[in-house]
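An overview of the molecular structure
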Amino acid sequence: MQNKLLLIIIDGVPYANWRGFFGNLEGWVEEGEARVWRMRSVLPSTSASCYASIHTGVTPQVHRVTSNESIFRVAEPDVFSEVTKAGGKTGAVAHSFWSEFFNRSPFDPVRDIEYDEQGQSPISHGRFHTMTGYGHDNQMTPCDADLFATLTMLAERHGIDYGMLHTCTLDSMGHRFTHDCIQMDLACFKLDGQLAPYITRWRNAGYEVVVTADHGQSKRGHHGGAEDMQRDFALYYFGPADGPAPDALLDQCQLAPTVLKRLGVPVPGTMLAAPFLD
Ligand SMILES: [Zn+2]
């Protein structure tokens, strides 16, 4: 691999919340250590559809994950499959949908909650959770600090070249409390504070880091549709590559080929969007 990179997906954070409440990330932007752009999700701006597009670089109209109920092993090449094919080590700390899309489906919790399959599977080291029993009043989300520590363990113990972390805490908070409230202000504040020391640790270990969301949310705590608030989120990049002008609007399908390009992995012909980092 030419570089190492960690992709951090914080589920369901609209653009304004990123820019308004993530003081550490914004501080690094102000200091010039990170850059930030606005990115727009695919349609539908539904979680499962977005996860599949983030990693395959194709739209839901192509990969056919059109709702949170259509979960299957996707056919298109994705970031895990291509990094593994190129001889790299991958890691994932995420909701079980990610394992189903990019390794195997259905998800067997005993077999798939934790696996180490370097050289046998697209995901060399997987650590997953299902959120079984999730509902409006019962988030069933793991602690974000524990997830950040788990990804760090995969980096430091297993030497992964590419790692993806995904957490649903803020999406669940948004569905439950909506956005103009102290609960959401504090939830963003807490997550930013838990993430910040790990960003420093990952950068010191030589990783480029991307922090972003899968989609936004409306003021009422909804997403899936075409409103800007439901689709748009911020993308923060820590690394040496050059990017577009600060006011560029990035397309979510650009993320997969951008990650592969940074790692030095050939971009498959299915990923038609242009990488945004040079
Ligand atoms: Zn989501």
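These remarks concern the structure in this document. (Residues numbered from 1 in each chain as written. Predicted model: local features only at pLDDT ≥ 70, side-chain atom pairs only at ≥ 80, totals over all residues. Heavy atoms only, no water.)

1. What about the pattern of salt bridges?
- The final tally for this structure, using the stated rule, is 13 salt bridges.
- The residue Glu114 makes a salt bridge to Arg127 at a minimum N-O spacing of 4.0 Å. Remark: Arg127 occurs in strand S5 (residues 125-129) and Glu114 occurs in strand S4 (residues 114-116); sequence separation between them is 13 residues.
- A residue is classified by how much of its surface remains accessible, and Glu114, at 49% relative accessible area, is partly exposed.
- By relative accessible area, Arg127 is classed as buried at 11%. (Salt bridge = Lys/Arg side-chain N within 4 Å of Asp/Glu carboxyl O. Helix = DSSP H or I, 4+ residues; strand = E, 2+ residues; numbered from the N terminus. Buried < 20%, exposed > 50% of the residue type's maximum accessible area, 1.4 Å probe, protein only.)

2. So, a nonpolar patch on the surface
- A surface patch of nonpolar side chains, amounting to about 320 Å² of accessible area, comprises Ile182, Leu186 and Phe189.
- Of note, Leu186 is situated in helix H10 (residues 182-204).
- Look at Leu186 and you get partly exposed, because its relative accessible area is 44%. (Patch = residues over 30% accessible without salt bridge, like charges linked within 9 Å, V, L, I, M, F, W, Y side chains within 5 Å. Areas by Shrake-Rupley, 256 points an atom, 1.4 Å probe, with all protein chains shown as cover.)

3. What to know about the packing of helix H2 (residues 23-31) against H10
- Contact geometry for H2 and H10: axes closest at 8 Å, N-to-C directions at 45°. Viewed along their axes, H2 and H10 adopt a mutual orientation that is oblique. Between H2 and H10, the contacting residues are Gly23, Asn24, Leu25 and Trp28 on the first element and Asp192, Gly193, Ala196, Ile199 and Thr200 on the second.
- Of the residues in the contact of H2 with H10, the class split is 4 nonpolar, 4 polar and 1 charged. (Axes fitted to C-alpha atoms, helices over the stretch in contact; angles between N-to-C directions. Parallel < 35°, antiparallel > 145°, perpendicular 65-115°, else oblique. Contact = heavy atoms within 4.5 Å. Nonpolar A, V, L, I, M, F, W, Y, C, P; charged D, E, K, R; others polar.)

4. A look at the environment of Ser81
- Tracing the backbone shows Ser81 in helix H5 (residues 79-85).
- Taking the C-alpha atoms as reference, Ser81 lies 9.6 Å from Thr56; in sequence the two are 25 residues apart.
- Only 2.9 Å separates the side chain of Ser81 from the backbone nitrogen of Asp78, close enough to count as a polar contact. (Polar contact = N/O pair within 3.5 Å; in protein donor to acceptor, adjacent residues only side chain to side chain.)

5. Comments concerning the side chain of Thr56
- If you trace the backbone, Thr56 turns up in helix H3 (residues 47-56).
- A polar contact is formed between the side chain of Thr56 and the backbone oxygen of Ala52, at a distance of 2.6 Å.
- At a separation of 3.2 Å, a polar atom in the side chain of Thr56 contacts the main-chain amide nitrogen of Val58.
- Excluding residues within four positions of it along the chain, Thr56 makes contact with His63, Val74, Glu76, Pro77, Asp78, Phe102, Ala256 and Met271.

6. Section: the pairing of strand S8 (residues 232-238)
- Counting buried residues in S8 gives 7 out of 7 residues, a clear majority hidden from the surface.
- Of the two faces of S8, the one lined by Asp232, Ala234, Tyr236 and Phe238 and the one lined by Phe233, Leu235 and Tyr237 are each fully buried.
- When strand S2 (residues 35-40) meets S8, the two strands line up antiparallel, connected through 6 bridges. Bridge assignment links Arg38 to a residue of S8, and that residue is Ala234. (Pairing = 2+ DSSP bridges.)

7. Details of the sheet that holds strand S6 (residues 162-167)
- Read across the open sheet, the 9 strands follow the order S4-S5-S3-S6-S1-S7-S8-S2-S9; overall the sheet is mixed. In this open sheet, the two strands that pair with only one neighbour each are S4 and strand S9 (249-251). Neighbouring strand axes in the sheet, compared pairwise and without regard to direction, differ in orientation by 20° on average.
- Pairing analysis gives 6 bridges linking strand S1 (residues 4-10) to strand S7 (residues 207-212), with the strands arranged parallel. Note on S7: the bridge partner recorded for Leu7 is Val210.

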